[in-house]
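Spelled out, the chains give:
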Amino acid sequence: MRISHLALALLVTMIWGSNFSVIKWSLAGTDPLLMAALRFTLCALPAVFFIPRPQVRWSYLMTYGVLFGAMVWGLCNLGIAAGLSAGLTSLVVQASAFFSVGLSAYLYRETLGWHQKLGGVLAAAGLLLIFLVTDGSVTVKGVLLALAGAFCWALSNFVVKEARTPQMLGFLVWSCLFAPLPLFGISYCQHDAVYIVSQIQQLRTPVWLALMYQVYVATLFGYTVWNALMRRYSVSQVAPLSLMVPVFGMSLSAWLFSEALGAQKLLAATLVLLGLLINVFGPRLLNRLLQPRSV
């Protein structure tokens, strides 16, 4: 991979990691589902008037929009609002990789390799450790909501796989049309139209700027660049760089919100990231270790 492209990929992971802290900051005093609804409304509008609709069935766009927009980020917003720190949220959602492996084995009758099983066990141990953190940055409800978001993220990956479209920016933008509807609907059922309107009217300029960051930097720019790199290079070259997302996420959360990174959190993060590394590189590393060295 060219150095400039590697730097671009690392920039995207830093943006995605910081996005969790931006979300937490923007949720102060605002409805988490309403904020997610506004985010994906702005992702879709006015972009759909300028970006052609990809040549895929409407059902793919609708399903992806609901899963990725409404479910993944609606649940992550709720998890952060329920007391899970931004940094740990960025770590917990990495469970989507293991959910993807498990779903792939179930849906396509794929046999799990030793590296996938070992990686899953290590990551599960790390996630269990997060439940035991008692410094005020973790709630059981928050972790469960983030895990549910990770599961929906895994499901959304299969929608992209089945859609088989190279027009990922158009796919993302047009699918975002369907994300705000359930989010606004649930917020309306929980409160009422007057509450929603008053919440939007009370948003300060910094919160709107945070929304712009989520929309144009983290979502549209980030996913466009990432998918372009995925098309240019092999998955094995690009996908592992996403391991940097929780590294940036936890570091920035600790810095911005004075969140303590104790030994238990660091051990949990190490287990999850080690599980991901083994899941991706396990066979390759083993072959290199067992390969006879030339004298």
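Here, the structure is the one placed above.
Parameters and conventions
- Residues numbered from 1 in each chain as written.
- Predicted model: local features only at pLDDT ≥ 70, side-chain atom pairs only at ≥ 80, totals over all residues.
- Heavy atoms only, no water.
- Phe/Tyr/Trp six-rings, centres within 6.5 Å; stacked < 30°, edge-to-face > 60°.
- Helix = DSSP H or I, 4+ residues; strand = E, 2+ residues; numbered from the N terminus.
- Buried < 20%, exposed > 50% of the residue type's maximum accessible area, 1.4 Å probe, protein only.
- Lys NZ or Arg CZ within 6 Å of the ring centre and 35° of its normal.
- 1 Å grid on protein atoms, 1.4 Å probe; cavity = no way out; pocket = protein on both sides within 12 Å on 5 of 7 lines; lining within 4 Å.
- Points joined across faces, edges and corners; volume = space filled by probe spheres on them.
- Nonpolar A, V, L, I, M, F, W, Y, C, P; charged D, E, K, R; others polar.

*Asks:* Which residues make up the packing of aromatic side chains, and what values go with them?
*Replies:* For the coordinates displayed, the defined rule picks out twelve aromatic pairs. Measuring from centroid to centroid gives 5.3 Å for Tyr-64 and Phe-68, while their planes differ by 10 degrees, and the two rings are stacked. Here the residue Tyr-64 and the residue Phe-68 both occupy positions in helix α3 (residues 58-81), the gap between them amounting to four residues, near one helical turn. Note on accessibility: Tyr-64 and Phe-68 belong to one class, buried. Through pairs of rings, three or more aromatic residues link up here, namely Trp-16, Phe-20, Phe-40, Tyr-64, Phe-68, Trp-73, Trp-153, Phe-171, Tyr-223 and Trp-226. Above the plane of the ring of Phe-257 lies Lys-24, whose end atom (NZ or CZ) is 4.5 Å from the centre. Sitting over the ring of Trp-73, Arg-39 keeps its end group 4.6 Å from the ring centre.

*Asks:* Quick one: what's the story with the layout of surface pockets, residue by residue and with numbers?
*Replies:* Each pocket or cavity is described by its volume, and for the second largest pocket that value is around 190 Å³. What lines the second largest pocket is Ala-95, Phe-98, Phe-99, Val-101, Gly-102, Leu-112, Gln-116, Gly-120, Ala-123, Ala-124, Leu-127 and Leu-147. Within the residue set of the lining of the second largest pocket, elements represented by two or more residues are α5 (96-107) and α6 (114-131). Residue composition of the lining of the second largest pocket, by class: nine nonpolar, three polar and no charged.

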